[in-house]
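What follows is each chain in one-letter form.
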Amino acid sequence: MEGYDPSEVPLMHELSICNAIASTAAKHADGRSVTQVTVQIGHLRQVVPDALQFSWEVVSDATVLKDAALVIEQVPAVVECAFCGVRTTLDLPILACGHCEGFEVKLVSGEELVVVSIDLVDA
Amino acid sequence: MGRFHIHADGTGHVHEHDLQRDHGDHERTASDVGDHSGYKETGKTRITILENLLSENDRVADDNGRQLATSDVCAVNLMSSPGAGKTTLLRKTLGSLSELLRIGVLEGDIATSLDADQLEGAGAAAISVVNTSAGFGGECHLDAVMVRAGMARLPLPELDLLIIENVGNLVCPAEFRVGEHAKAMVFAVTEGEEKPLKYPVMFRAVDVVVVNKVDLLPHLDFDLEVFLANLNAVNPSAQVILASARTGEGVSEWCAWLEARCLLACGEGILNLNHRDVNR
């Protein structure tokens, strides 16, 4: 898209999300060391993966999450058309059917902000 | 494997089984889920969480919502980029509606009370300022926990409408539910018609867009038709109100929208309150 620059998105956004990832992961880790945290981020969430990784280094330091890798699984935005039933993976955040160009679509994926799993080191 | 199938038109499903994809070399069992016992000899254990990152925020947001419902208060989360005119619109809103509704304002501001100062004497029944600065720069949005803190300083039973003036930002505020009944956005025509496509999360989240500063349109290259088409592309159901908080154009339409939301949230009773009859 012309003029679209994800780097315009302020870093604070990713920092907030990282804090949420860290607190969710730490809660489930319950004091045990974590080697990896896997998250799913939908494309409609305006999260910049590099900024998220950078924030992760700041947030995870000096906790049970220290040295834990953050694995980001990006989930494409997919819509399903109410008229023709076709599913379209979106390149732009325009919620329209790629087949009949109708706007009556249901979002199937793309809004995920999910902590999928954590990997622990055995004590 | 019956869940996955290809349609006659050739498109395949993107199934949520992505979530269950095997992420590693160890088997995931039911006992892995939130369970601390039974570590494997591999030296590593994977715990499946599948928890929404905003679930804690949403839990508090639901609490806030219940608290508002108990006091029969309708809450509107007002968002925009910096300088779009939220505070000026709010001043005009208070001027027009404060005889009809008892309005509380919860001000989110990164480090100051400048916005709240501007509202001084404008007709709010109560103002609560939530500074979002947290020792690490400033937060860029109000989340449910901050709003809960701000609400605690407001006399909710004495209010009909709570306007939550979020931090000026087009990205983060849209992600965080705070317990509001509706989300509203102020967009200034000086911002450019492509904004709905650049910030779809915000534009998708809102129930109404107040297109502000329309008195400037004759002096700008801003193409209103293109903006409305872009908005419709990301959020076909958003109501649009053309306004100028400066000249007062559209303010009555905006106030009517707020009044309608109050009726929707709290029922007819809200407009039968004694204070209204007394004031008339």
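One structure accompanies this document, and this report is about it. Since the model is a prediction, treat every value here as computed from it, not as a measurement.

## Observations regarding the overall build of chain A
Scanning chain A for helices and strands turns up 2 helices and 6 strands. Seen in sequence order, chain A has helices and strands lined up from the N terminus as α-β-α-β-β-β-β-β. Residues counted as buried form 46% of the 123 residues belonging to chain A. Of all intrachain contacts in chain A linking residues separated by at least 6 positions in sequence, the fraction that spans at least 24 positions is 71%.

## What to know about the overall build of chain B
Check the secondary structure of chain B and you find 9 helices and 8 strands. Relative to its 280 residues, chain B shows a buried fraction of 42%. Partitioning the contacts of chain B with sequence separation of at least 6, the portion at a separation of at least 24 is 73%.

## Section: the sheet that holds strand 1 (residues 34-42) of chain A
The mixed open sheet is built from 4 strands, whose spatial order is 2(A)-1(A)-6(A)-1(B). In this open sheet, the two edge strands, each paired with only one partner strand, are strand 2 (69-75) of chain A together with strand 1 (44-52) of chain B. For this sheet, the mean inter-axis angle between neighbouring strands, taken without regard to orientation, is 15°. Bridge analysis of strand 6 (residues 113-121) of chain A against strand 1 of chain B gives 7 bridges, and the strand direction is antiparallel. Each bridged residue has a counterpart across the sheet, and for V121 of chain A the counterpart in strand 1 of chain B is K44 of chain B.

## Remarks on the nonpolar core
One finds L161, I164 and V210 of chain B to be the most contacted residues of the largest nonpolar core, which totals 77 residues. With 6 residues, helix 8 (residues 251-266) of chain B is the largest single contributor of residues to this core. In contact with I164 of chain B, other than residues within four places in its own chain, are A75, V76, N77, L78, L106, L142, V147, V178 and E180 of chain B. Judged by nonpolar contacts, the second largest core, of 30 residues, contains V75, L113 and V114 of chain A together with L53 of chain B.

## Notes on the packing of helix 2 (residues 86-97) of chain B against helix 8 of chain B
Residues and elements named next belong to chain B. Running from N to C, helix 2 and helix 8 cross one another at 70°; their axes reach a closest spacing of 10 Å. Classified by the angle their axes make, helix 2 and helix 8 are roughly perpendicular. For the pair formed by helix 2 and helix 8, the contact residues are K92, T93, S96 and L97 on the first element and V251, S252, W254, C255 and L258 on the second. Its residues assigned to classes, the contact of helix 2 with helix 8 shows 5 nonpolar, 3 polar and 1 charged.

## Comments concerning the sheet that holds strand 5 (residues 105-109) of chain A
Residues and elements named next belong to chain A. The 3 strands lie next to each other as 4-3-5, forming an open sheet whose pairing is antiparallel. Each edge of the sheet is formed by a strand with only one pairing partner; in this case those strands are strand 4 (87-89) and strand 5. The mean angle between the axes of side-by-side strands here comes to 30°, regardless of whether they run parallel or antiparallel. The sheet contact formed by strand 3 (residues 78-81) and strand 5 spans 4 bridges and is antiparallel.

## Comments concerning helix 2 (residues 49-60) of chain A
For an α-helix, the turn length of 3.6 residues means that residues three or four places apart are oriented alike. Residues and elements named next belong to chain A. With 12 residues, helix 2 should reach 16 Å at 1.5 Å per residue; the first-to-last C-alpha distance of 16 Å fits that figure. Considered for burial, the residues of helix 2 that qualify are A51, L52, S55, W56, V59 and S60. What you see down the axis of helix 2 is that its buried residues fit within an arc of 145°, all on one side. Turned more than 90 degrees away from the buried face of helix 2, the exposed residues are D50 and E57.

## What about the packing of helix 1 (residues 55-70) of chain B against helix 4 (residues 144-152) of chain B?
Residues and elements named next belong to chain B. Between helix 1 and helix 4, the shortest axis-to-axis distance is 8 Å and the interhelical angle comes to 30°. It follows from the interaxial angle that helix 1 and helix 4 lie roughly parallel. Seen from above, helix 1 lies across helix 4 with left-handed handedness. For the pair helix 1 and helix 4, contact is made by N57, V60, A61, D63, N64 and Q67 and by A144, V145, V147, R148 and M151, respectively. Residue composition of the contact of helix 1 with helix 4, grouped by class: 6 nonpolar, 3 polar and 2 charged.

## Some details on unusual backbone geometry
Backbone geometry at E101 of chain A places phi at a positive 65°, although glycine is not the residue there. Along the chain, the position of E101 of chain A falls in the loop between strand 4 and strand 5. Classification of E101 of chain A by C-beta neighbours within 10 Å gives exposed; the count is 11. A positive phi angle, close to 55°, is found at D72 of chain B, a residue other than glycine. Note on placement: D72 of chain B falls in the loop between helix 1 and strand 2 (74-80).

Cut-offs and rules
- Residues numbered from 1 in each chain as written.
- Chains lettered and ligands numbered in written order.
- Predicted model: local features only at pLDDT ≥ 70, side-chain atom pairs only at ≥ 80, totals over all residues.
- Helix = DSSP H or I, 4+ residues; strand = E, 2+ residues; numbered from the N terminus.
- Buried ≥ 20, exposed ≤ 12 C-beta atoms within 10 Å, placed from the backbone.
- Contact = placed C-beta atoms within 7 Å.
- Pairing = 2+ DSSP bridges.
- Axes fitted to C-alpha atoms, helices over the stretch in contact; angles between N-to-C directions.
- Core = buried A, V, L, I, M, F, W, Y, C linked by C-beta atoms within 7 Å.
- Parallel < 35°, antiparallel > 145°, perpendicular 65-115°, else oblique.
- Nonpolar A, V, L, I, M, F, W, Y, C, P; charged D, E, K, R; others polar.
- Expected span 1.5 Å × (residues − 1).
- Arc of directions from axis to C-beta.
- Left-handed = near helix turned anticlockwise from the far one by under 90°.

Any functional reading would require information beyond the geometric quantities listed.
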